[in-house]
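Chain and residue survey
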Amino acid sequence: MATRTTTIRTISLLSGRFADHNDAGLTVDELLCAYYDCRRRKRTTINALRFEANLERNIMALYRELADGSYRPGTSICFVVTRPKPREVWAADFRDRVVHHLLYNRIADRFHRSFIADSCACIPGRGTFYGAIRLEHKVRSITQNWSRRAYYLKLDLANFFVSIDKHILRNLLARKIEDPWTMQLAETILFHDPRQDVRIKGTPRLLALIPPHKSLFNQPAHLGLPIGNLSSQFFANVYLDTLDQHVKHRLGVRYYIRYVDDMILLHDSPQWLNHAGAEIGAFVTERLGLQLNPRKTILQPIDRGVDFVGQVIKPWRRVLRRITYDNALARLEERTGEDLMRSANSYLGLLRQSDHSHHARARLARIAIRKGHCVDGRFRKIYRSKI
């Protein structure tokens, strides 16, 4: 601890020496803040530990590259996750993730201020719980607390991340980024092709699970963002803000909410919703080069239940999606020790965010009790094994 504190103090002292010698207004303290943001909840990973082991040298080397414009992203890791469905995930090197946080810290606020309140995901304070609560309020409003019939239209963008046009996105970023150095950094991150320097983690069998049209490996160079990086999540929101503004201010949709590429529109006329859906489909194709997924387009009465961000809003209650709950029980049966405790607490947290009964939490908690863990009296938290 003493060595780390001394190193950080030394870097802070160096920041004053280097701050005035670049055109970016970049300081070492600013880079350190990005590093602290990046290592949060990632500090025990191998790459983070390796970077921290030589923190002063690594921070100063990265600072010089950024200041003189010689910075280039390094090797990425690509792997496949299979739940809830097979998906490619791209993990940038730790030093590159520090740069992603640096860019995010510089520009995110000016974009977030212009986003509509109904845009969720990867925005501070606007996660899945925010989205579920906000949609529930809209449902109660349009149905006058379930006393009137209304309908919902659910739309999904087909192959969203691999279909994003980088040139369109670059122009959207340039509208709000006036500083040339920051814009150049955004372009460096945006137009970097991780396929040119990638280490594939996992077996060919897992990669074969990804449909060709959903793989970044099969896209033209100007299309697609790597799923898994902070920069990609932020860029995706900037890209779809154009759609949000069109829906709210051009189409005049009062009851609308979006979480990444999932959209919900509410209205008391199914014909009006069909017309709005056609307008949105035409807009995303013409302006953003995207397509709606017809297989995931749903138009139904609200009282049948609205499935959004993993929860289902039904008359007078909001519950976790049934398949998610069943999968939680199955996964906990397979796990033990610390892994079981972390997973169980995560699922209990999801249940607390919805209107699930005491019985639903008890079923989950009993698995942990049977495997030797302790549970509080209201089945709200799992503790370490008694053994």
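My aim in this report is to walk through the structure given alongside it, one point at a time.

Rules used in this analysis
Every chain's residues receive numbers from 1 upward, in the order its sequence appears when written. Reporting in this predicted model follows two pLDDT cut-offs: at least 70 for local features of residues, and 80 or more for side-chain atom pairs to be given and counted; totals over whole chains, interfaces and linings ignore these cut-offs and use all residues. Each side-chain value is worked out from all heavy atoms of the structure, with water and hydrogens disregarded. A run of H or I in DSSP becomes a helix once it reaches four residues, and a run of E becomes a strand once it reaches two; helices and strands are each numbered from the N terminus. As a reference, a globule follows 2.2 Å times the number of residues to the power 0.38, and the radius of gyration itself is taken over C-alpha atoms. Relative accessible area decides the class of each residue, using a 1.4 Å probe on protein chains only: under 20% of the type maximum gives buried, over 50% gives exposed, and in between gives partly exposed. By the convention used here, residues are in contact when the closest approach between their heavy atoms is within 4.5 Å. For the area figures, the Shrake-Rupley method with a 1.4 Å probe applies, and any residue is considered shielded solely by the protein chains shown. As used throughout, the charge tally considers Lys and Arg to be positive and Asp and Glu to be negative, leaving His and the chain termini uncounted. Here the site of a charge means atom NZ of a Lys, CZ of an Arg, CG of an Asp or CD of a Glu. Any two strands with at least two DSSP bridges between them are considered paired. An axis is simply a line fitted to the C-alpha atoms; with a helix, the fit covers only the stretch in contact. Between two such axes, the angle follows the N-to-C directions and lies from 0 to 180 degrees. Expected helix span is computed as 1.5 Å times (number of residues minus one). Along the arc lie the directions from the helix axis toward the C-beta atoms. Stacked, tilted and edge-to-face are the three classes assigned to paired rings of Phe, Tyr and Trp, where Trp is represented by its six-membered ring and a pair needs centres within 6.5 Å; plane angles under 30 degrees give stacked, over 60 edge-to-face, the rest tilted. Only one rule defines a salt bridge in this text: a Lys or Arg side-chain nitrogen within 4 Å of an Asp or Glu carboxyl oxygen. By the definition adopted for this analysis, an angle is roughly parallel if under 35 degrees, roughly antiparallel if over 145, roughly perpendicular if from 65 to 115, and oblique otherwise. Should the near helix be turned anticlockwise from the far one by less than a right angle, the crossing is termed left-handed; should it be turned clockwise, right-handed. Gly is put with the polar residues, along with every residue not named as nonpolar or charged; the nonpolar set is Ala, Val, Leu, Ile, Met, Phe, Trp, Tyr, Cys and Pro, and the charged set is Asp, Glu, Lys and Arg.

**So, the overall build of the protein**
Within the protein, the secondary structure is distributed over 15 helices and 13 strands. Taking 2.2 N^0.38 as the reference for a compact globule, 387 residues should give roughly 21 Å; the C-alpha atoms of the protein span a radius of gyration of 23 Å, in line with that estimate. Over its C-alpha atoms, taken along the principal directions, the protein stretches across nearly 65 × 60 × 40 Å. Burial statistics for the protein: of 387 residues in total, 48% are counted as buried. Long-range contacts, defined as pairs at least 24 residues apart, comprise 70% of the intrachain contacts of the protein with a sequence gap of at least 6. Of the accessible surface of the protein, which amounts to about 19,600 Å², a share of 51% is contributed by carbon and sulfur atoms. Positive and negative side-chain charges in the protein, numbering 63 and 38 respectively, have mean positions lying 8 Å apart.

**Things to note about the sheet that holds strand S11 (residues 317-320)**
Strand order across the open sheet formed by 3 strands is S9-S10-S11, with antiparallel pairing between neighbours. With partners counted over all chains shown, the strands left at the sheet margins are strand S9 (306-308) and S11, one partner each. Taken pair by pair, the neighbouring strands of this sheet meet at an average axis angle of 25°, ignoring direction.

**A short note on helix H6 (residues 128-142)**
Over its 15 residues, H6 extends 21 Å from the first C-alpha to the last, a length consistent with the 21 Å expected when each residue adds 1.5 Å. For H6, the complete set of buried residues consists of Gly-131, Ala-132, Leu-135, Glu-136, Lys-138, Val-139 and Ile-142. Within H6, the buried residues cover an arc of 165° as seen down the axis, which keeps them to one side. Buried residues along H6 sit against strand S3 (119-120), strand S6 (255-259), strand S7 (262-267), S9, strand S10 (311-314) and S11. Of the residues trailing H6, Gln-144 is marked for its positive phi of about 50°.

**Re the pairing of S7**
Summarising the sheet, strand S4 (residues 151-156) and S7 pair through 6 bridges and their orientation is antiparallel. What sits directly across from Asp-156, in S7, is Asp-262. Relative to S7, S6 runs antiparallel, the two being bridged by 5 bridges. Residue pairing across strands places Arg-258 opposite Met-263, the latter belonging to S7. Taken together, S6 and the strand that follows it, S7, pair antiparallel across an intervening segment of 2 residues, in which Val-260 is found at a positive phi of about 55°.

**Side note on helix H12 (residues 270-288)**
Given a rise of 1.5 Å per residue, 19 residues ought to cover 27 Å, and the 26 Å separating the end C-alpha atoms of H12 matches this to within 8%. Every buried residue of H12 is listed here: Pro-270, Leu-273, Ala-276, Gly-277, Ile-280, Gly-281, Phe-283, Val-284 and Leu-288. An end-on view of H12 places all buried positions within 165° of arc, on one side of the element. Set apart from the buried face of H12 by more than 90 degrees, the exposed residues are Gln-271, Ala-278 and Glu-286. Those residues of H12 that are buried lie in contact with S4, helix H8 (166-174), helix H11 (230-250), S7 and strand S8 (298-301). Just downstream of H12, Gly-289 is the residue with a positive phi angle, here 70°.

**Considering the packing of aromatic side chains**
In this structure the tally under the stated criterion is 9 aromatic pairs. With centroids separated by 6.1 Å and ring planes inclined at 80°, the aromatic side chains of Tyr-35 and Phe-94 adopt a geometry described as edge-to-face. Of this pair, Tyr-35 sits in helix H2 (residues 28-39) while Phe-94 sits in helix H5 (residues 94-112), placing them 59 residues apart in sequence. Taken individually, Tyr-35 and Phe-94 each receive the classification buried, so the pair is uniform in this respect. An angle of 55° between the planes, with centres 5.2 Å apart, marks the rings of Phe-51 and Phe-94 as tilted.

**Observations concerning the pattern of salt bridges**
Counting across every chain of the model gives 19 salt bridges. The closest approach of N and O atoms between Arg-321 and Asp-307, which form a salt bridge, is 2.9 Å. Pair noted here: Arg-321 is in the loop between S11 and helix H13 (322-334) and Asp-307 is in strand S9, with a separation of 14 residues, a long-range link. On the accessibility criterion, Arg-321 (28% relative accessible area) is partly exposed. Here the salt bridges do not stand alone but share partners, grouping Asp-118, Arg-134, Lys-138 and Lys-248 into one network.

**A closer look at the side chain of Asp-96**
Note that Asp-96 resides in helix H5. Although Asp-96 lies buried, it forms no salt bridge, and the closest oppositely charged side chain, Arg-95, sits 4.7 Å away as judged by the N-O distance. Other than its neighbours up to four places away in sequence, Asp-96 contacts Tyr-71, Arg-72, Pro-73 and Gly-74.

**Considerations on the pairing of S4**
Of all 6 residues in S4, 6 are buried; the element is thus mostly enclosed. The alternating pattern of S4 places Tyr-151, Leu-153 and Leu-155 on one face and Tyr-152, Lys-154 and Asp-156 on the opposite face, and all of these are buried.

**Considering the sheet that holds S7**
An order of S3-S6-S7-S4-S8 is seen for the 5 strands of this open sheet, with the pairing classed as mixed. Taken across any chain shown, the strands that pair with only one partner, and hence form the sheet edges, are S3 and S8. Against the sheet, H11 contacts S3, S6 and S7, and its axis sits at roughly 170° relative to S6.

**So, the packing of helix H4 (residues 55-68) against H5**
At a minimum axis separation of 11 Å, H4 and H5 run at an interaxial angle of 55°. Between H4 and H5, the angle is such that the two are oblique. Here H4 and H5 pass one another in a crossing that is right-handed. Of the residues in H5, those in contact with Leu-62, Glu-65 and Leu-66 of H4 are Arg-95, Val-98, Val-99 and Leu-102. The class makeup of the residues in the contact of H4 with H5 is 5 nonpolar, no polar and 2 charged.

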